[in-house]
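# Structural overview
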2 protein chains.
Amino acid sequence: MAASARQGPYICGIDAAMDVVTGKWKSLILWELHEHGTRRFAELRRGLPGVSEKMLVQHLREMEEDGLVHREVYPVVPPKVEYSLTEHGITLNTALESLAVWGQERIQRIGAEKTATDAA
Amino acid sequence: MAASARQGPYICGIDAAMDVVTGKWKSLILWELHEHGTRRFAELRRGLPGVSEKMLVQHLREMEEDGLVHREVYPVVPPKVEYSLTEHGITLNTALESLAVWGQERIQRIGAEKTATDAA
DNA sequence: CAGAATCCTTTAGGATACTG
DNA sequence: CAGTATCCTAAAGGATTCTG
């Protein structure tokens with residue numbers, strides 16, 4: 001079952017996908033793990049400036065339950081835990097690509113508007 | 001400027017896109033308008049079972065400010081207001097398609113898991 | 001190092017009543 | 001019809017402290 005507490009059934013696919021991506025840092029975590037392949041807890045923290053430990057753990061746990069992230073614990077001391085994307089995490093990232101492109105274009109637009117406004 | 005109160009700059013494209021889609025009913029509103037081309041306020045309400053007037057107005061206003069939705073007011077009585085997608089709203093919808101497909105597959109997976117569990 | 005636990009603030013969302 | 005306005009609850013997120 002999914003971790004992201006969900007009451008009723010999904011209305012459509014976007015609904016089901018959003019449910020898994022919603023969370024202030026989730027898409028960024030997805031991106032970080034996609035970029036680096038595998039990351040330790042502290043590395044992720046540093047890669048996500050501003051994230052609190054609580055939210056990072058919480059999001060990672062939910063994403064693990066949702067089958068997006070794999071958590072590998074090494075029984076050593078000091079503790080070592082490595083996170084990586086599962087197959088589903090990878091395909092989700094791919095599915096997010098066109099959205100990322102749209103977002104980039106939006107950033108350009110906003111920047112342009114801002115520049116135009118500033119120039120006025 | 002965007003309506004979705006946003007403090008700092010965006011970290012990446014997904015970030016910028018999510019900012020505009022986040023909101024319990026926004027992706028559904030996008031879908032409704034895409035399906036019907038144009039909808040009146042009351043029609044949207046009926047198309048989104050469970051939405052409150054407050055949230056519907058609020059989301060529509062934000063989406064209008066974000067340049068996704070066009071609001072056409074007809075100066076008649078009783079009032080008539082029609083909502084439709086702008087160019088950016090349409091392209092956003094397109095960008096969301098692969099995500100919708102991923103979500104559909106996820107629904108299938110969950111259904112399958114559930115069935116397997118129930119069978120056990 | 002990788003977290004668990006606790007407390008607190010902020011934001012999202014909902015219910016209801018009213019209006020031009 | 002298409003909203004406003006007000007009040008309230010719930011959920012998300014953050015800061016801090018502690019631990020195996």
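Residues numbered from 1 in each chain as written. Chains lettered and ligands numbered in written order. Predicted model: local features only at pLDDT ≥ 70, side-chain atom pairs only at ≥ 80, totals over all residues. Heavy atoms only, no water.

The name that an unreviewed UniProt entry assigns to chain A is Helix-turn-helix transcriptional regulator, with the source organism given as Streptomyces cinnabarinus.

### Some remarks on the protein's contact with DNA strand C
Looking at DNA strand C, there are 21 residues lining it, with Arg61, Arg71 and Tyr83 of chain A together with Lys24 and Lys54 of chain B nearest. Arg61 of chain A is positioned with one of its side-chain polar atoms (N or O) 2.7 Å from a phosphate oxygen of DNA strand C. One of the side-chain N or O atoms of Lys54 of chain B is found 2.2 Å from a base oxygen in DNA strand C. For the surface near DNA strand C, the elements supplying multiple residues, two or more each, are α3 (41-47), α4 (53-65) and β3 (80-85) of chain A together with α4 (53-65) of chain B. Tallied by class, the residues present in the surface near DNA strand C amount to ten nonpolar, two polar and nine charged. (Near = heavy atom within 4 Å. Polar contact = N/O pair within 3.5 Å; in protein donor to acceptor, adjacent residues only side chain to side chain. Helix = DSSP H or I, 4+ residues; strand = E, 2+ residues; numbered from the N terminus. Nonpolar A, V, L, I, M, F, W, Y, C, P; charged D, E, K, R; others polar.)

### A look at the protein's contact with DNA strand D
The environment of DNA strand D is made up of 20 residues, and the closest members are Lys24 and Lys54 of chain A together with Arg61, Arg71 and Tyr83 of chain B. Those atoms of DNA strand D that come within 4 Å of the protein belong to sugar or phosphate at a rate of 63%. Separating a phosphate oxygen of DNA strand D from a side-chain N or O atom of Lys24 of chain A is a distance of 2.4 Å. Contributing elements (two or more residues each) for the surface near DNA strand D: α4 of chain A together with α3 (41-47), α4 and β3 (80-85) of chain B. Considering each element in turn, the surface near DNA strand D owes the most residues, four residues, to α4 of chain B. Looking at the surface near DNA strand D residue by residue, the classes come out as ten nonpolar, two polar and eight charged.

### A few points about the sheet that holds β3 of chain A
Two modes of strand pairing occur in sheets, parallel and antiparallel, and in both the strands are linked by backbone hydrogen bonds. Residue and element names in this part refer to chain A. Taken in spatial order, the three strands line up as β1-β3-β2 in an open sheet, and their pairing is antiparallel. Two strands bound the open sheet, and with one partner strand each, they are β1 (38-40) and β2 (69-74). Neighbouring strand axes in the sheet, compared pairwise and without regard to direction, differ in orientation by 25° on average. For β2 and β3, the ladder comprises six bridges, and the chain directions are antiparallel. Looking at the pairing, Val69 lines up with Leu85 of β3. (Pairing = 2+ DSSP bridges. Axes fitted to C-alpha atoms, helices over the stretch in contact; angles between N-to-C directions.)

### Looking at the interface of chain B and chain A
With 34 residues of chain B at the interface, the matching set in chain A holds 33 residues. Roughly 3200 Å² of surface becomes buried between chain B and chain A when both sides are summed, with 72% attributable to carbon and sulfur atoms. Broken down residue by residue, the surface that chain B buries against chain A is led by Ile14, Trp102 and Arg106 of chain B, which jointly contribute 22%. Between Asp66 of chain A and Arg106 of chain B there is a salt bridge, with the nearest N and O atoms lying 3.6 Å from each other. Applying the counting rule to chain B against chain A returns 13 residue pairs in polar contact (both at pLDDT 80 or more). At the level of elements, α1 (13-21), α2 (26-36), α5 (87-95) and α6 (97-119) of chain B are the ones that each hand at least two residues to the side of chain B that touches chain A. (Contact = heavy atoms within 4.5 Å. Buried area = accessible area lost by both parts, 1.4 Å probe. Salt bridge = Lys/Arg side-chain N within 4 Å of Asp/Glu carboxyl O.)

### Quick notes on the pattern of salt bridges
Between side chains of opposite charge, a pair can form as their charged atoms come close. Residue and element names in this part refer to chain A. Within this structure, the stated rule accounts for eight salt bridges over all chains. The closest approach of N and O atoms between Glu43 and Arg39, which form a salt bridge, is 3.7 Å. Among the residues examined, Glu43 registers a relative accessible area of 25% and is labelled partly exposed. (Buried < 20%, exposed > 50% of the residue type's maximum accessible area, 1.4 Å probe, protein only.)

### Overview of the packing of α2 of chain B against α4 of chain B
Residue and element names in this part refer to chain B. It is at 10 Å that the axes of α2 and α4 come closest, and there the two elements cross at 75°. Accordingly, the angle class assigned to the pair α2 and α4 is roughly perpendicular. Side by side, α2 and α4 meet where Lys26, Ile29 and Leu30 of the first sit next to Leu56, His59, Leu60, Glu62 and Met63 of the second. Residues that form the contact of α2 with α4 fall into these classes: five nonpolar, one polar and two charged. (Parallel < 35°, antiparallel > 145°, perpendicular 65-115°, else oblique.)

### Things to note about the relation of the copies chain B and chain A
Each copy of the sequence occupies a distinct position, and chain B is placed on chain A by a rotation of 180° and an axial shift of 0.0 Å, giving an RMSD of 0.1 Å. Accordingly, the operation relating the two chain copies is best matched by a two-fold axis. When you check the interface residues of chain B against chain A, 97% turn up at the interface there too, and the contact is symmetric in its surfaces. (Least-squares fit on C-alpha atoms with pLDDT ≥ 70 in both.)

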